[in-house]
Amino acid sequence: MFHQKRFLTQSVFMKEASPVRPKAGRDNVYVEALISFEARNTGRSVSRWRQFQDKAKPYLIILPAFLLTIGILVPFATGVYWSLTDYNLMRPQFEFIGIGNYVELFSGGEFWHALKVSGVYVLFAVGTELLLGLIIALLLNQETFLAKIFRPLLILPLLIAPVIATLIWKLMMSTDFGVINYFLSLFNPELKEFPWAGSPKYAMLTVVLIDVWIFTPFIALLLLAGLRSLPQPPFEAAQVDGASRWFIFRVLTLPMLAPFMVIALIFRIIDSIRMFDIPFAMTKGGPGDSLMNLQIQAYTEAFTYLNISVGSAYMFVTWVIIFIISKLMVGYWMKWRQRLSA
Amino acid sequence: MPSVRLQQVNKIYRSKRERVHAVRDLNLGITEGEFMCLLGPSGCGKTSSLRMIVGLESISSGEIWIGDRLVNDLSPQERNVAMSFESYALYTHLSVGENITFPLKAKGMPPPERRKRLVEVASMLEISSLLKMTPSSLSSGQMQQVSLARALIREPSVFLLDEPLSHLDVNLRVYTRNRIKRLHTELDTTMIYVTHDQLEAVALADRIAVMNFAELQQVGTREELLDRPANRFVADFIGEPPINFYEVEIQEDLRETTLRETSGAFSLPLPSRWESILDQLEGTVFEIGVRPHDITLHDRGYPQSVQGECEIFEFLGEENHLTLKVGEVRMTLVVSNREFFETGEKVTVYLDPNRIHLFSKDSGACLSSQLGSESASW
């Protein structure tokens, strides 16, 4: 009897105060449909508490992930704030100066130079790596004896810390006792004195060379995995259709591999924009300012001149650049994936 | 002269652990303009055979001739045959139109001519409205049409189809089946069609090659396969509903010789034409096969009547299937759509003595077919 009565009051109550409807949206429509379906079938209305639970659930589920990001968001926000101040470790106090640091950054030559160094580095390092990586992946994507041996060896350069690899390269490139210069001198005695990173002219070539040596296998491995995951029937169909190998490569393999190339490029471009260890271990940004990229510039500002605010401004600009590039590339990647999935 | 000829073709897949003999000593001649079906259960070697003809699979031994060319060592590109794939194998990043003209572009045909052929093929398959779309937005039936169009635009002399209908729903399957049949009539190309569905094979093919366990069982027209199956497998695989098999023993008494079903469910007088076979094969265990369509409810003067009890009655619309329990064994027959039965109902049925098949239980060979073909040749 008592239960019946409570039932009655509840449903009357629900009729009078119509439940707060969630804003229209595809997911909500679905949830609403479920709720009303349940209401109709069980003959009673859904309580407000239940509705609140339904709405709060997504946020509760995502809460752990949010807690994790605190460790990232707090320093990020702090850094952005510092870039808007005149924070310098040599002064006891600092104050908010708005976008002053950025105005100075964009009007001075150092920033544009650093941007140019980073850009050139990305262009040449990643471009060469993509080309070489693609060729290596295609060569290793066959079941020959040599390919089977080389596939596991490919990963070796990735197992060395880039700093150590750079230091080893530095020794090998020494004009006094470097093994590379020795071999070069066999072709032409003058090359014994080839200055490598010692000359502003060849510094960029040198660090790009080391970057290519370390990271080409990364792209080759990704593209090899991509090649192996491609569906076979289209390639068989193209063979039967009489397409030559070059035609198949150009019209089928390349476009179908494009999503994997984009993924490899996203990783490598981001890595190269925030490249620090190779040029720093090589010359600390020199000779002169020839290898002063965004990262080394920021490091020098913050840790040599103790100018935390300007260093932070450099880092924030770098973040914006990486954010925009990765956003564009991920968008492009998603579009291709969708197109390719039949 | 056969347009496609397979001589003693073998396919052996080798891996570290095992060795699979996928096709064994296949001999098959397909004449020009013929519609040949390779029919068999999964894993019988029919797709391997097709892939060897098209060149996607190497030939372990034997010879394959297309026209007067030995194609064993030719690449798929050089064999000049068209193929429609089970999975359609469309190029997902190209538009439908680009997909269809792909073979022409690969051969370097100039764009105006490509466009002309595209318009022709598209209107033939009624897909003109789809040309600008991407494959991912098509239904599976449309993908199938596009895959057919891509094969047809080459105007091939040999056209191979690998289970083209297996992913379509029933209505579309019948529709596409008719379309393929019509295309074959219009274009007069040699078609080799792989399927595991005997209905498709029977509906489409001029001749059917039945395969099982890597071996060719029988090649023939649908009538030959139905009336004179080479062995128990062919008799069982072709025909819907499947044929009824009964182990029989021969009983001789003074008046007549009868075939008695082993459990004693029924006996039939021995057809006189079989006497000669039975004399030669003393000691063999025999089986008879009776097709559900060859059993009737009506006495047409057949001497053999069998009493049974209705066990399962399937109402299917155009015709109904009735399964009787006769003693220990079951007997399925086809009745007209006007006749209904209830479980447990007593039914008397009659067997057409001229349409009973006799098999050797051990070898599986169909003894009555051998006799039939011999008597036909006399």
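Residues numbered from 1 in each chain as written. Chains lettered and ligands numbered in written order. Predicted model: local features only at pLDDT ≥ 70, side-chain atom pairs only at ≥ 80, totals over all residues. Heavy atoms only, no water.

(A) The packing of aromatic side chains, seen in detail. If you walk through the whole model with that rule in mind, you get 32 aromatic pairs over all chains. With centroids separated by 5.8 Å and ring planes inclined at 25°, the aromatic side chains of A:W246 and A:F249 adopt a geometry described as stacked. In this pair, A:W246 and A:F249 both sit in helix α11 (residues 245-273), 3 residues apart, roughly one turn of the helix. Their ring planes at 20° and their centres at 5.3 Å tell us that B:F233 and B:F237 sit as a pair that is stacked. Here B:F237 and B:F233 lie together in helix α9 (residues 232-237), a separation of 4 residues that amounts to about one turn. (Phe/Tyr/Trp six-rings, centres within 6.5 Å; stacked < 30°, edge-to-face > 60°. Helix = DSSP H or I, 4+ residues; strand = E, 2+ residues; numbered from the N terminus.)

(B) Summary view of the pairing of strand β16 (residues 305-315) of chain B. Residues and elements named next belong to chain B. Pairing of β16 with strand β19 (residues 346-351) involves 5 bridges; the strand directions are antiparallel. Residue pairing for β19: S305 is matched across the bridge by Y350. The sheet contact formed by β16 and strand β17 (residues 319-326) spans 6 bridges and is antiparallel. Within β17, the residue paired with E314 across the bridge is H321. Here β16 hands over to β17 after 3 residues, with G317 in that stretch at a positive phi of 100°. (Pairing = 2+ DSSP bridges.)

(C) Region of interest: unusual backbone geometry. Residue and element names in this part refer to chain B. Here the amide bond leading from E240 into P241 is cis, since omega sits at -5°, within 30 degrees of zero. Topologically, P241 is positioned in the loop between α9 and β11 (244-252). For F213, which is not glycine, the phi dihedral falls at a positive 45°. Tracing the chain through its elements places F213 in the loop between β9 (207-212) and β10 (215-220). Residue F213 is classed as exposed on the basis of its relative accessible area of 69%. (Buried < 20%, exposed > 50% of the residue type's maximum accessible area, 1.4 Å probe, protein only.)

(D) Here's a closer look at the state of the cysteines. Residue and element names in this part refer to chain B. A full pass over the atoms with the stated rule returns 0 disulfides over all chains. Cysteine C37 is unpaired, with the sulfur of C44 as its nearest cysteine sulfur at 12 Å. Residue class for C37 comes out buried when judged on its relative accessible area of 0%. (Disulfide = S-S within 2.5 Å.)

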